[in-house]
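# Fold and contact review
This is what each chain is made of:
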Amino acid sequence: MSSKTFNILAAIAALLSIYSFVVAGDQPVANFEFKAGRKLIPSIDTGRLSSIEVEGWGMKTVLTKLGENFVVSNRNNYPASVEAYSELVRSVLKTSCDEEITGDASKHDDLWVNWPSGRNHRVRFLDAEGQELIGVIIGNTIDDKIQGHYVRLTNSDVVYRSDNTLSVNSDPLVYLDKRLVPCEIAEIARVELSDGQTSFAIEQLPDGNKYLRGVPPNMMAAGAAFANTLIRAPSFAFEDFAPRAEKAGLSYDHEFRVVLRDNLAYELSSAEDGEEFWVVTRAKYFGGVGADLNQDSSAEEIKRALDLRAAFQQEKVYNAQHSAFAYRVHPRFAFFLRQKLSSLIVPKPRGK
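Residues numbered from 1 in each chain as written. Predicted model: local features only at pLDDT ≥ 70, side-chain atom pairs only at ≥ 80, totals over all residues. Heavy atoms only, no water.

Within the open sheet, the eight strands sit side by side as 14-13-12-17-18-19-20-16. Their pairing is antiparallel. Two strands lie at the open edges of the sheet, namely strand 14 (210–213) and strand 16 (238–243), each paired on one side alone. Each strand axis lies, on average, 25° off the axis of its neighbour in the sheet, ignoring direction. Note that strand 18 (residues 264–273) and strand 19 (residues 276–285) share 10 bridges and pair antiparallel. Following the sheet pairing, E272 is matched in strand 19 by F277. (Pairing = 2+ DSSP bridges. Helix = DSSP H or I, 4+ residues; strand = E, 2+ residues; numbered from the N terminus. Axes fitted to C-alpha atoms, helices over the stretch in contact; angles between N-to-C directions.)

So, in structure tokens, the structure goes:
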């Protein structure tokens, strides 16, 4: 638990560091004397920033600030991926002016910096009233170039060539935090699987060795492939989601339980719906909050107590995020979520 918590805090800290050098100011306009390499956006009023709109190619994403993080407000206020919106902000802020192309608005169509257009993106930083603090239009990759874009500010007709590769995507799904099991492999004590008739488990010892449990006496593991079911658990992610009530009629008949060493478990129940697979999930904390700490507590005791308390809080955070939704997962993840014991074992040789 501690490593995950630190990773999240580190990601947020990285985002804040990005903003730290962007000082408050009026919306910039392209009226400065041209200097190759200058940043297109010298400042953003971060104190007034309330939301970010990314639009283009027939799609739109609205990222709205909620506390210290962002949510995708046009997708049920689902929590946004820190990594995804950090990359968006980084790309916009590194937009450079490497050549001044034109100040003639009639040329915008030819350079794909008109709006709206089928070959560009518009990114707008907005305040709480929906007023634009600053906006940029980023054209498609320049023809015959591996990288680089034509760009302009939304309040200016001046177009520049930026030689940076700018990663901008307007698909809301790109900005969702899609992880279903937010942990590291080393944090897993075991995974437990059941289809209502057969149950088995894959145990991981602290040294990393893995064992298949629940094998009938006359059978044995068919090699080490069973370990992949545990190893893949932290990579489980959804492709799309829907209100859980809309998928309540499905038969969630396969259970996949990831038990961590800090007394927290992630329980994923999967259902087959034609060619699709849907998952509902919850977290369950099943231990105490650790021993009371005092001045004689060892560093190991302190770490253990903090990890358990973080796990206790994680149960609430996770369930608040996931309890209202059902998630569609790719068949490659459903394969592991619905793994059968019979596919992992073979008969023991005679005499053994």
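Still more ground to cover, so stick around.
The next subject is unusual backbone geometry. Generally, phi is negative for residues other than glycine and the peptide bonds are trans, each holding for most cases. Looking along the chain, the bond that leaves W115 and enters P116 is cis, with omega of 0°. Looking at the element boundaries, P116 is found in the loop between helix 3 (108–111) and strand 8 (120–126). You will see that W57, though not glycine, has its phi angle at about 55°, which is positive. Locating W57 in the fold gives a position in the loop between strand 2 (51–56) and strand 3 (59–66). Residue classification places W57 among the partly exposed residues on the basis of a relative accessible area of 45%. Of note, N76 is a non-glycine position whose phi angle comes to about 60°, a positive value. Mapped onto the elements, N76 comes out in the loop between strand 4 (69–72) and strand 5 (78–79). Overall, the relative accessible area of 48% leaves N76 in the partly exposed class. (Buried < 20%, exposed > 50% of the residue type's maximum accessible area, 1.4 Å probe, protein only.)

This part takes up the pattern of salt bridges. The full count for this structure, using the stated rule, is 19 salt bridges. E99 serves as the salt-bridge partner of R161, at 2.2 Å between the closest nitrogen and oxygen. Separated by 62 residues along the polypeptide, R161 in strand 11 (residues 159–162) and E99 in strand 7 (residues 99–102) bring together distant segments of the chain. A residue is classified by how much of its surface remains accessible, and E99, at 35% relative accessible area, is partly exposed. The residue R179 makes a salt bridge to D177 at a minimum N-O spacing of 3.0 Å. Look at D177 and you get buried, because its relative accessible area is 17%. (Salt bridge = Lys/Arg side-chain N within 4 Å of Asp/Glu carboxyl O.)

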